[in-house]
Amino acid sequence: MSILVATNFSKTSENAVEYAACLAKEFKTRLILFNAFKIPIHASNARLSASFVENLMNKNKNKLKEIALGLKRKFSIETETECSFVGLDQEADRLMQAYDCRFLVIGMSSKSMEQNLLGNPTTTLISMKRFPVLAIPVNAKFTGIKRILFACDLLQDIPLKTLAKLRRIAADLKSEVTVFYADQKISELDDISHDSIDKGLENLTLLYKNVESNKVIEALEKEITRSKSELLVMMPKKYGFWESLVHKSKTRVMASGLNIPLLSIPIE
């Protein structure tokens, strides 16, 4: 198993790479660094020879390898690099399969959160719904993950194999999981059965938090602060409630104040 992390050498992605390296050490797994090479704008407007472009690409590859070597020495982990002219949105599936990756790590800048849900690259990858994506806020630092908040729509059936991904991560991190859900009427919450969640997340320390609220985002933000959670997990499903949060303006409100990593695990 491996962890894939994307970088464009910005401050935001550098922080995501550092966070991913900490996870790789924690999980005792390999870290794959990916960079989508782009010709600088000033250079793309000029007529460039093939050798000049190749030289730029080699410099990019060498920079990526230097970062990987530094992480290998610092964290005592195995690292590999991939550099391509093709963007991450096109290469992600191949890389995830080729390296048997648990999830993809990508940076999430404050500016992106204010302007658009989680930033364009992350939104695109989450919307693919093919693999787990871990979005790291620019100021998030890994100090261990002992409390996971699982924002769950219990009105939707979640397959056991999807819950198993969260169970493995929580077990490896030795984390407790709080299952959070909200509705406008507390009576409706009382009638909800969470037997499938209990089964899918068996052998974990589970807590359930249900709140009566028609302002789900505000309730979720308050719970993140109250519980001192270090990771927010969502499982978007097509046409489901949490799917609407991922793709509509409500999530912009949530994301603008999000200061912990968000792991999106697609429903299979």
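Residues numbered from 1 in each chain as written. Predicted model: local features only at pLDDT ≥ 70, side-chain atom pairs only at ≥ 80, totals over all residues. Heavy atoms only, no water.

### A look at unusual backbone geometry
Positioned with a positive phi, Lys28 is a non-glycine residue whose angle comes to about 55°. With respect to the helices and strands, the residue Lys28 is situated in the loop between helix 1 (11-27) and strand 2 (30-36). At Asp100, a residue that is not glycine, the phi angle is positive and equals roughly 50°. (Helix = DSSP H or I, 4+ residues; strand = E, 2+ residues; numbered from the N terminus.)

### A closer look at the environment of Leu263
Secondary-structure assignment places Leu263 in strand 10 (residues 262-264). Remark: the alpha-carbon pair of Leu263 and Ile136, spanning 127 residues in sequence, is separated by 8.8 Å. Those residues within four positions of Leu263 in sequence are excluded, and the remaining contacts are Pro132, Val133, Leu134, Ile169, Leu231, Leu232, Val233 and Met234. (Contact = heavy atoms within 4.5 Å.)

### A word on the pairing of strand 9 (residues 231-234)
Side-chain alternation along strand 9 places Leu231 and Val233 on one buried face and Leu232 and Met234 on a second face that is also buried. Strand direction decides the pairing type here: strand 6 (residues 147-151) and strand 9, joined by four bridges, are parallel. The residue bridging Ile148 from the neighbouring strand is Leu231, located in strand 9. The sheet contact formed by strand 9 and strand 10 spans three bridges and is parallel. Residue Leu232 lies in a different strand from strand 10, and its bridge partner there is Leu262. (Buried < 20%, exposed > 50% of the residue type's maximum accessible area, 1.4 Å probe, protein only. Pairing = 2+ DSSP bridges.)

### Things to note about the side chain of Ser13
Here Ser13 shows up in helix 1. Only 2.9 Å separates the side chain of Ser13 from the side chain of Asn8, close enough to count as a polar contact. Those residues in contact with Ser13 that lie beyond four places of it in its chain are Ala6, Thr7 and Asn8. (Polar contact = N/O pair within 3.5 Å; in protein donor to acceptor, adjacent residues only side chain to side chain.)

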